[in-house]
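What follows is each chain in one-letter form.
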Amino acid sequence: MRLDRRTLVAAAAAMLSGGAQARAETVPAPGTNLDVIDLWPGLPPGGGGPIAADGRFDESRDGVISNVARPCLLVMRAPKPNGAALLVAAGGGYRRIDIGNEGIPVARWLATVGITAFVLIYRLPGEGWAAGADAPLQDVQRALRLVRAGAVTYGIDPERVGVLGFSAGGHLMGEAAMRASAETYAGLDASDALSARPELAGLIYPVITLLPPFDRTSTRRILAGDPPDPVKASAYSVETHVREKAPPTFLAQAADDPIAVVDNSLLMYAALRGALVPAELHLFERGGHGFGLGVPGSPAAAWSGLFLTWMRRRGFLRA
């Protein structure tokens, strides 16, 4: 189902009063002019979950999302599409989704270079979903299939659909790439007969491992518990699922990252290299965590150009 998010924001604003209503109307949340594609025709697999003010999710004025009741895609169309599409997953430690920093700005940049971007609003495992830690992976697998099913509508090539994730969103997109064959939910319609395998993956300052000694992240606490369940910690560590047929993968991270320490990308690169999966890794001396597109002119901001060059070299971008 496609809807304009402006309709949703107006409905939510109507529920407010006085100054709060004025602020909601004059300071729209990021991406309010984008179409929305609901991922599931009814309740997501297993049911459960929170209640959101507008029925889908709650969003602050700076684009921080929580209470994801109905996971969906926000569509950023390219003015001059080249047929390529990327699903974008912002981070937030699986406690929230920061589309204001890592979702909408990245999607806007992708659109300027001809890539149709789909910002993924995925379920947060700690918000009461029966599917638990598998809920976000169910969402991204369904999203990949729906994007391929809508290839004609959105002017994209179903053979050129990739994923791009940041921080915990990088963990999720790493899972999507490395566990594409996992059957995480029962098929609902014809879309579910399509492939959930992305053609390539971009993982930017990703959380990869939930195993010691690099397990001091919110992602580990949400997915594996605190104290962690060793079986879950291993099962949800992306590097343990790398196999020879995995999609080509691009990695970028700052060496001074205090959250997802640089060992995450190093472990992932070693696993990809060991499985003979095409991979490219870029490490920047400084940049910290959560830099998004990066401050213009800073070393970490170079990742976007490097990523474009890598995709073009792989034949993903064509006129």
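These numbers come from a predicted model, not from an experiment.

Definitions and cut-offs
Residues numbered from 1 in each chain as written. Predicted model: local features only at pLDDT ≥ 70, side-chain atom pairs only at ≥ 80, totals over all residues. Heavy atoms only, no water. UniProt positions renumbered as here; feature names shortened; annotations may be inferred. Helix = DSSP H or I, 4+ residues; strand = E, 2+ residues; numbered from the N terminus. Pairing = 2+ DSSP bridges. Buried < 20%, exposed > 50% of the residue type's maximum accessible area, 1.4 Å probe, protein only. Contact = heavy atoms within 4.5 Å. 1 Å grid on protein atoms, 1.4 Å probe; cavity = no way out; pocket = protein on both sides within 12 Å on 5 of 7 lines; lining within 4 Å. Points joined across faces, edges and corners; volume = space filled by probe spheres on them. Salt bridge = Lys/Arg side-chain N within 4 Å of Asp/Glu carboxyl O.

Asks: Explain the UniProt feature "domain: BD-FAE-like" (unreviewed entry) in the protein to me, please; I cannot follow it from the model alone.
Replies: As annotated by UniProt and renumbered to match this structure, "domain: BD-FAE-like" (unreviewed entry) occupies residues 116-272. The straight-line gap between the two end C-alpha atoms of residues 116-272 is 27 Å; of that span, 34% is helix and 14% is strand.

Asks: Any chance you could explain the sheet that holds strand 3 (residues 58-59) here in plain terms?
Replies: Within a sheet, each strand pairs with its neighbour through backbone hydrogen bonds, oriented either parallel or antiparallel. Ordered by their spatial adjacency, three strands build an open sheet running 3-4-7, and the pairing between neighbours is antiparallel. Each edge of the open sheet is held by one strand with a lone partner, namely strand 3 and strand 7 (97-98). The pairing of strand 3 with strand 4 (residues 64-66) spans two bridges and is classified as antiparallel. Across the sheet, the residue bridging to Asp58 is Ser66, located in strand 4.

Asks: Any chance you could explain the environment of Tyr236 here in plain terms?
Replies: Residue position: Tyr236 is located in the loop between helix 9 (230-235) and strand 11 (249-254). Residue Tyr236 is classed as buried on the basis of its relative accessible area, which comes to 11%. Residues Tyr236 and Thr219 lie 17 residues apart in sequence; the distance between their C-alpha atoms is 9.6 Å. Apart from the residues within four sequence positions on either side, Tyr236 is in contact with Ala133, Asp134, His171, Glu175, Arg179, Ile208, Leu210 and Leu223.

Asks: Just checking my understanding: could you explain the layout of surface pockets for this structure?
Replies: Empty space left among the atoms is revealed by rolling a probe the size of a water molecule over them. If you add up the space inside the second largest pocket, you get close to 240 Å³. Lining of the second largest pocket is provided by 14 residues; of these, Gly92, Gly93, Arg96, Ser167 and His289 occupy positions nearest its centre.

Asks: Looking at this structure, I do not really get the pattern of salt bridges. What am I missing?
Replies: Close approach of charged atoms lets side chains of opposite charge pair. A complete count under the given rule lists twelve salt bridges for this structure. Across the salt bridge formed by Arg56 and Asp38, the nearest N and O atoms sit 2.8 Å from each other. Residue Arg56 is found in the loop between strand 2 (35-38) and strand 3, and its partner Asp38 is found in strand 2; the two are separated by 18 residues along the sequence. You can call Arg56 buried: its relative accessible area is 2%. Here Glu199 makes a salt bridge to Arg148, at a shortest N to O gap of 3.4 Å. One end of the pair, Glu199, is in the loop between helix 7 (168-178) and strand 10 (201-204); the other, Arg148, is in helix 5 (residues 135-149), and 51 residues separate them in sequence. Residue Arg148 is classed as buried on the basis of its relative accessible area of 10%.

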